[in-house]
Amino acid sequence: MSAAPQLDQEAAPVLRDQPETGIVRLTLNRPKAYNSLSSGLMAALQAELDTIKADRSIKAVIIAGNGPGFCAGHDLKEIRANPGRQNYEALFRQCSMLMQSIVALPQPVIARVHGIATAAGCQLVASCDLAVAAETARFATPGVNIGLFCSTPMVALSRNVSRKHAMEMLLTGEMIPAHRAEAMGLVNQVVSEAELDEAALAFARLIAAKSPLTVKIGKEAFYRQLEMPLAQAYDYASRVMTENLLARDAEEGIDAFLQKRPPTWQGC
């Protein structure tokens, strides 16, 4: 097991390491600001995702946070220092592109959450494919408390939890403890702080052992079919499964299962 970097350095807004073969960990690194999503941090994270997207050796990604919390959302000091419609539009366009890049990434992304994940930080958790949280972690979309409804975090949140739960978080702005976030569907697993790194890596290892082509096909299909009516979703999924069956990895996987041996993936 390799622990997440705990370097108190703000020169690099995102730290990258590779705890195991095929697994990359990206650590948000603005600890004094609770890893708030400044324009610089978002640009650095976007650049890492763009690089990872084209790297076939990477099978899974973990997003973590340095310091006392995972992510406190947008950098309000930066927002107030750069007022005006054009600046606001550019900021939310940048953030929306980042969140969509996580969803569109061929490799699954796992959020490793400790401390707080609030506003756009909660949006980041909801945008990841999987999430593990420390039992002391807390989640909120508290924009309503400062006169700024969490409208963009709402997009990811409402696609992860029920309408009533989403509206509760959005309208009250109250903190949700980790175990309630798990019950609501915002996170997959809650563990002790000491077990958090291993829990995130355990998910990543399981994914890294699968056919990368199959995982890529499945992740893309999952998000696309969510937006379709039922009959269209089944038609689309049937086409995806047909194409998947024609891949070498599907043939290898089925043959390995029938022959009771481990498969050898080729990624094609």
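Everything below is about the structure printed above this text.
Because the structure is a prediction, the values reported are computed rather than measured. (Residues numbered from 1 in each chain as written. Predicted model: local features only at pLDDT ≥ 70, side-chain atom pairs only at ≥ 80, totals over all residues. Heavy atoms only, no water.)

**Student:** Give a detailed account of the packing of helix α9 (residues 212-226) against helix α10 (residues 230-245), specifying residues and quantitative values.
**Tutor:** With their axes 10 Å apart at the nearest point, α9 and α10 run at an angle of 170° to one another. Between α9 and α10, the interaxial angle falls into the category roughly antiparallel. Mapping the contact onto sequence places T214, I217, E220, A221, R224 and Q225 in α9 and A233, Y236, V240 and N244 in α10. Split into classes, the residues belonging to the contact of α9 with α10 amount to five nonpolar, three polar and two charged. (Axes fitted to C-alpha atoms, helices over the stretch in contact; angles between N-to-C directions. Helix = DSSP H or I, 4+ residues; strand = E, 2+ residues; numbered from the N terminus. Parallel < 35°, antiparallel > 145°, perpendicular 65-115°, else oblique. Contact = heavy atoms within 4.5 Å. Nonpolar A, V, L, I, M, F, W, Y, C, P; charged D, E, K, R; others polar.)

**Student:** So, the side chain of Q107: which residues are in play, and what are the values?
**Tutor:** Mapped onto the elements, Q107 comes out in the loop between α3 (85-104) and β4 (109-113). With sequence-adjacent residues up to four places away left out, Q107 is seen in contact with I52, K53, D55, I58, K59, A60, V61, D129 and K219.

**Student:** Mind laying out the packing of helix α1 (residues 39-53) against α3, listing which residues take part and the relevant values?
**Tutor:** Relative orientation of the contacting elements α1 and α3 amounts to 30°, with a least axis distance of 10 Å. With respect to each other, α1 and α3 are oriented roughly parallel. Relative to α3, α1 is oriented so that their crossing is left-handed. Note on element contacts: α3 touches α1 through L91, Q94, C95, M97, L98, S101 and I102, opposite S39, M42, A43, L45, Q46 and L49. (Left-handed = near helix turned anticlockwise from the far one by under 90°.)

**Student:** Got a sec to walk through the nonpolar core? Specific residues and values, please.
**Tutor:** Core analysis: the largest hydrophobic core is formed by 51 residues, its most contacted members being I63, F70, V113, V125 and F139. Residues I110, V132, V191 and A200 belong to the second largest nonpolar core, which totals 14 residues. (Core = buried A, V, L, I, M, F, W, Y, C linked by side-chain atoms within 4.5 Å. Buried < 20%, exposed > 50% of the residue type's maximum accessible area, 1.4 Å probe, protein only.)

**Student:** With reference to specific residues and values, describe the pairing of strand β1 (residues 14-20).
**Tutor:** Where β1 and strand β2 (residues 23-28) come together, five bridges link them in antiparallel fashion. The residue bridging D17 from the neighbouring strand is R25, located in β2. Linkage of β1 to β2, two consecutive antiparallel strands, is achieved through a turn of two residues, within which G22 is found at a positive phi near 85°. (Pairing = 2+ DSSP bridges.)

**Student:** With reference to specific residues and values, describe the sheet that holds strand β9 (residues 189-191).
**Tutor:** The sheet built from six strands is open, its strands ordered β1-β2-β3-β4-β6-β9 with mixed pairing. Each of the sheet's edge strands pairs with one partner strand only, and the pair in question is β1 and β9. Adjacent strand axes in the sheet meet at a mean angle of 20° when their direction is disregarded. Across three bridges, strand β3 (residues 60-65) lies against β4 in parallel orientation. For I63, the partnering residue across the bridge sits in β4 and is A111.

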